[in-house]
Amino acid sequence: TPPKVVHVDSFFMDEAPVTNKEFGKFVRSTYYETEAEHFGWSFVLSSFLPKAEMLESADVDPEAEDWVAVDGAYWREPEGPGSSYKFRENHPVVHVSHRDAAEYCKWMGKRLPGEWEWEAAARAGHFGPKNRTLFPWGEEGTVGVAKQYANLWGNGAFPWENHAEDGWRGTSPVKTFPPNAYGFYDMTGNVWEWMRGGKHKARIVRGGSYVDSLDGSFNHAATLGARATMHGTTGTGNVGFRCAKPPKRKVEHDFVYHDEETQGQLAIEDEYGNTKQIPRRDTNEYVTVEEDEDDDEFSNDLNEKGDDEPEYVEMTRRQDETRKKKRVVKQRTRLSNEL
């Protein structure tokens, strides 16, 4: 698909993926149970299994046979029972589903980033067509250069030979590698990141991970355009997330005409949110008219009550021609440019 230029509204985004330490605070504060804990298993890379004999009886992902379903694997025990996230507190949290990521962001008062937002942050001004680059560091696609900027697999044969040219066989601590021009870390490599939107059976992840290659000879090519989809409940050892947040927008108001007869009576709202009804002025008023022999205009409407008593005539006052207006919040013409 050829690239296209799109507009992205301003937004805030975390400079790095959410870490085990940060996710642990969320779990302890809310007693949240991840979907990997609920289902009782998650996917672990076959070369990371604690015991080789587990391969003989374990179930594998039919679309990725190097990923094994391990009972008891979740974010606290990334490789299954007996492993621990200890000494990896600053690594990206993994074995989290799309729902787990969204719940954390909601707890933080944020949300998952949109795909356009994420790519705008990842490209850091290199949008093209003249300055568009393949990788965050430029066009050089060799392991010798890439190992300075991203956590990828390297030259070894996947999944059993990882020479750790970049210093890491699995996930690496966030902010290990230099940020891009906008100050974002790990936009390529380390872990895939969940995106906002998509369908439940095809949620979007971006960025590539430590199991990906530079040229796409195995797994995905870890370019700025790296993109994949997976089921929303999937938990695996190479998928994490980061959060985003839109800026607080100025509330704009407008004035619209208000008809009290059809739309109800206007009310005043004070600083505490209490409403007070405005006294409604009746459109019918009573007018007093005294009898005048020379005035025949109202002769047919006067009541006969005697010579000494004033005559009272019910007359209709002309309705005020000035229409009332009420102050309302001006609706934004575009609520989202992604969903």
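Coordinates for the structure precede this section.
Presented here is an overview of the structure given in this document. (Residues numbered from 1 in each chain as written. Predicted model: local features only at pLDDT ≥ 70, side-chain atom pairs only at ≥ 80, totals over all residues. Heavy atoms only, no water.)

## A closer look at the sheet that holds strand β5 (residues 192-194)
Line of reasoning, step 1. An order of β7-β6-β5-β8 is seen for the 4 strands of this open sheet, with the pairing classed as mixed. Strands with a single pairing partner mark the edges of an open sheet, and in this sheet they are β7 (227-230) and β8 (239-240).
Line of reasoning, step 2. As defined by bridge partners, β5 adjoins β8 across 2 bridges and the pair is classed as parallel. The partner of Glu193 across the bridge, within β8, is Gly240.
Line of reasoning, step 3. Along the sheet face, helix α5 (residues 115-123) touches β5, β6 (203-206) and β7 and points at about 5° away from the line of β6. (Pairing = 2+ DSSP bridges. Helix = DSSP H or I, 4+ residues; strand = E, 2+ residues; numbered from the N terminus. Contact = heavy atoms within 4.5 Å. Axes fitted to C-alpha atoms, helices over the stretch in contact; angles between N-to-C directions.)

## Considering the side chain of Asn180
Line of reasoning, step 1. Tracing the backbone through its elements, the reader meets Asn180 in the loop between α6 (143-146) and β5.
Line of reasoning, step 2. A polar side-chain atom of Asn180 sits 2.9 Å from the main-chain carbonyl oxygen of Ala121.
Line of reasoning, step 3. In terms of polar contacts, Asn180 uses its side chain to reach the backbone carbonyl oxygen of Ala122, at 3.5 Å.
Line of reasoning, step 4. The contact partners of Asn180, leaving out residues within four places of it in the chain, are Ala121, Ala122, Ala124 and Met187. (Polar contact = N/O pair within 3.5 Å; in protein donor to acceptor, adjacent residues only side chain to side chain.)

## Here we look at the state of the cysteines
Line of reasoning, step 1. Inspection of the entire model under this criterion finds 1 disulfide.
Line of reasoning, step 2. With its sulfur 2.2 Å from that of its partner, Cys105 forms a disulfide with Cys243. One quick way to see it: the torsion about the S-S bond of Cys105 and Cys243 is about -90°, and its sign makes the bridge left-handed. Note that Cys105 is positioned in helix α4 (residues 98-107) and Cys243 in the loop between β8 and β9 (244-245), a separation of 138 residues in sequence. With respect to class, Cys105 is no different from Cys243; both count as buried. (Disulfide = S-S within 2.5 Å. Buried < 20%, exposed > 50% of the residue type's maximum accessible area, 1.4 Å probe, protein only.)

## Here we look at unusual backbone geometry
Line of reasoning, step 1. At the junction of Phe158 and Pro159, the peptide bond is cis and its omega measures out at 5° in the coordinates.
Line of reasoning, step 2. Inspection of the secondary structure puts Pro159 in the loop between α6 and β5.

## Some thoughts on the environment of Gly225
Line of reasoning, step 1. Looking at where Gly225 falls in the secondary structure, it is placed in the loop between β6 and β7.
Line of reasoning, step 2. According to the relative accessible area criterion, Gly225 is partly exposed, its value standing at 39%.
Line of reasoning, step 3. Sequence separation between Gly225 and Gly208 is 17 residues; the distance between their C-alpha atoms is 9.1 Å.

## A closer look at the packing of aromatic side chains
Line of reasoning, step 1. Taken as a whole and judged by the stated rule, the model has 16 aromatic pairs.
Line of reasoning, step 2. When the ring of Phe26 is compared with that of Trp107, the centres are 5.4 Å apart and the planes differ by 50°; the resulting orientation is tilted. Of this pair, Phe26 sits in helix α1 (residues 20-30) while Trp107 is found in helix α4, placing the two residues 81 residues apart along the sequence.
Line of reasoning, step 3. Judged by relative accessible area, Phe26 falls into the buried class, the value being 3%. (Phe/Tyr/Trp six-rings, centres within 6.5 Å; stacked < 30°, edge-to-face > 60°.)

## Quick look at a positive patch on the surface
Line of reasoning, step 1. A cluster of basic residues, Lys21, Lys25, Arg28 and Lys86, forms a positive patch on the protein surface.
Line of reasoning, step 2. When you line up the elements, Lys21 lands in helix α1. (Patch = residues over 30% accessible without salt bridge, like charges linked within 9 Å, V, L, I, M, F, W, Y side chains within 5 Å. Areas by Shrake-Rupley, 256 points an atom, 1.4 Å probe, with all protein chains shown as cover. Salt bridge = Lys/Arg side-chain N within 4 Å of Asp/Glu carboxyl O. Lys, Arg positive; Asp, Glu negative; His and termini not counted. Charge placed at Lys NZ, Arg CZ, Asp CG, Glu CD.)

## Observations concerning the layout of surface pockets
Line of reasoning, step 1. Considering only enclosed or pocket space, the largest pocket measures out at about 730 Å³ in volume.
Line of reasoning, step 2. As for the largest pocket, its lining consists of 19 residues, of which Pro3, Lys4, Val6, Glu119 and Arg132 are closest to the centre.
Line of reasoning, step 3. The element best represented in the lining of the largest pocket is α5, accounting for 5 residues.
Line of reasoning, step 4. Here the residues of the lining of the largest pocket are counted per class, giving 9 nonpolar, 3 polar and 7 charged.
Line of reasoning, step 5. Approximately 550 Å³ is the volume found for the second largest pocket.
Line of reasoning, step 6. In terms of lining residues, the second largest pocket is bounded by 21 residues, among which Asp61, Glu63, Ala64, Thr229 and Met230 are the most central.
Line of reasoning, step 7. The set of elements that each furnish at least two residues to the lining of the second largest pocket consists of β4 (64-71) and β7. (1 Å grid on protein atoms, 1.4 Å probe; cavity = no way out; pocket = protein on both sides within 12 Å on 5 of 7 lines; lining within 4 Å. Points joined across faces, edges and corners; volume = space filled by probe spheres on them. Nonpolar A, V, L, I, M, F, W, Y, C, P; charged D, E, K, R; others polar.)

## With respect to the sheet that holds strand β2 (residues 41-45)
Line of reasoning, step 1. In spatial order, the strands read β2-β4-β3; together these 3 strands make up an open sheet with antiparallel pairing. Taken across any chain shown, the strands that pair with only one partner, and hence form the sheet edges, are β2 and β3 (59-61). This sheet shows a mean twist of 45° between the axes of neighbouring strands, independent of strand direction.
Line of reasoning, step 2. Judged from the 5 bridges that link them, β2 and β4 form a sheet pairing that is antiparallel. Its bridge partner being in β4, Ser42 is matched across the sheet by Val70.

Distances and angles like these do not, on their own, reveal function.
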